[in-house]
Amino acid sequence: MSGNGNAAATAVSAAPVTSTLWASGRAVQQLAPGCHPQSLLEENSPKMRVIRVGTRKSQLARIQTDSVVATLKALYPGLQFEIIAMSTTGDKILDTALSKIGEKSLFTKELEHALEKNEVDLVVHSLKDLPTVLPPGFTIGAICKRENPHDAVVFHPKFVGKTLETLPEKSVVGTSSLRRAAQLQRKFSHLEFRSIRGNLNTRLRKLDEQQEFSAIILATAGLQRMGWHNRVGQILHPEECMYAVGQGALGVEVRAKDQDILDLVGVLHDPETLLRCIAERAFLRHLEGGCSVPVAVHTAMKDGQLYLTGGVWSLDGSDSIQDTMQATIHVPAQHEDGPEDDPQLVGITARNIPRGPQLAAQNLGISLANLLLSKGAKNILDVARQLNDAH
């Protein structure tokens, strides 16, 4: 395992950001609140087109989608929105660990089918569920401001007040993530980690009503969005457990050629979240990682620097490689002129955010992936894949 070296990526310099670009977290060239693309008016009709929004059926998915729709309604009060909920493969297969199912689009496939068939106009996802390579014809048209991306520990009622460190020997901790299990086994060798599946409500019920688990690990953002702040017994810091690529952020997926909807949702982009997630997704994509291997990240923006820490682990956490790189990212005052032939970066379209910083973030992710690969990450990931497939 390497130390957290601080190898600097290629710096990208430009003029400092203007207040206009970052005001209220909104990007330049957005439509004024209350305005809407005229083409969203139905032809020959004074009635507005209804914007259909796809989502998973779980309570958390509905809360997340409702929050995005509420923001869009505030920006475009003249438009109507209809929410269409559906079950996905990941929602239906509950007796198998996610890493064993062997499907990259577990929580997105059915929603993308609806998007392709023009049954919905946009889909709200947890960004961490969206693969770094999307099917042809789709793009992420908005990445909303990130909530707390860290993981949280929720304890069985009889262990409230404990931490992972102070749980009794051989206590069983539930997680559906190889990433969490690999990192935490390394740090807390006195604990046992077992798979637990189901939506948040189901997993909490299993924890509280059965005696199998002393604690479970969940995303802090999901617990906060559900209003379950009081169940958070411990928040895991990056030194204990780095988070999943995109964790805590919401992504809005649209048809890549639907310019009206791209314009509509583009105002939701949060610039800092966007740049952090481009770096994270580029790192994962270049490593060719996914949910079948333990890969984790941590990003931060400070004083014009984007810091990216990434790591890979063996399944049992005994072998790992981690490192940190940074890039200088000054956001230009104005958008570059002219549309790009292929505006997508790691599946994301953000025409109203300057291209230079996006490319710098992507290059940072690729550079860190290359650094880890040069130190032996490919071998760790290959062995992890083979072991996961064999069990």
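Residues numbered from 1 in each chain as written. Predicted model: local features only at pLDDT ≥ 70, side-chain atom pairs only at ≥ 80, totals over all residues. Heavy atoms only, no water.

1. Describing the sheet that holds strand E5 (residues 138-143)
The strand order across the open sheet built from five strands is E3-E2-E4-E11-E5, with neighbouring strands paired in mixed fashion. Since the sheet does not close on itself, it has two edges, and those belong to strand E3 (80-86) and E5, each with one partner. Geometrically, the sheet is characterised by an average inter-axis angle of 30° between neighbouring strands, direction not taken into account. Strand contacts of helix H2 (residues 59-75): strand E2 (50-56), E3, strand E4 (122-126) and strand E11 (250-255), with the helix running at about 165° to E3, the strand carrying the most contacts. (Pairing = 2+ DSSP bridges. Helix = DSSP H or I, 4+ residues; strand = E, 2+ residues; numbered from the N terminus. Axes fitted to C-alpha atoms, helices over the stretch in contact; angles between N-to-C directions. Contact = heavy atoms within 4.5 Å.)

2. Notes on the nonpolar core
Counting 41 residues, the largest nonpolar core has Ile-143, Phe-283, Leu-287, Val-295 and Val-312 as its most contacted members. In terms of residue count, helix H10 (residues 271-287) provides more of this core than any other element does, nine residues in total. Not counting the four nearest positions on each side in its chain, Leu-287 is found in contact with Val-295, Val-312, Ala-369, Leu-373, Ala-377, Leu-381 and Arg-385. Listed in part, the 22 residues of the second largest apolar core include Phe-81, Val-252, Leu-264 and Leu-268. (Core = buried A, V, L, I, M, F, W, Y, C linked by side-chain atoms within 4.5 Å. Buried < 20%, exposed > 50% of the residue type's maximum accessible area, 1.4 Å probe, protein only.)

3. Looking at the side chain of Gln-234
Mapped onto the elements, Gln-234 comes out in strand E10 (residues 234-235). Polar contacts involving the side chain of Gln-234 include one to the main-chain amide nitrogen of Leu-164, which spans 2.9 Å. Not counting the four nearest positions on each side in its chain, Gln-234 is found in contact with Asp-151, Ala-152, Val-153, Phe-155, Thr-163, Leu-164 and Glu-240. (Polar contact = N/O pair within 3.5 Å; in protein donor to acceptor, adjacent residues only side chain to side chain.)

4. Some points on the packing of H10 against helix H11 (residues 355-374)
At their nearest, the axes of H10 and H11 sit 7 Å apart, and the two run at 35° to each other. Read as a crossing pair, H10 and H11 show a hand that is right-handed. For the pair formed by H10 and H11, the contact residues are Leu-274, Leu-275, Ile-278, Ala-279, Ala-282, Phe-283, His-286 and Leu-287 on the first element and Pro-357, Gln-358, Ala-361, Gln-362, Leu-364, Gly-365, Ile-366, Leu-368, Ala-369, Asn-370, Leu-372 and Leu-373 on the second. The residue makeup of the contact of H10 with H11, split by class, is 15 nonpolar, five polar and no charged. (Left-handed = near helix turned anticlockwise from the far one by under 90°. Nonpolar A, V, L, I, M, F, W, Y, C, P; charged D, E, K, R; others polar.)

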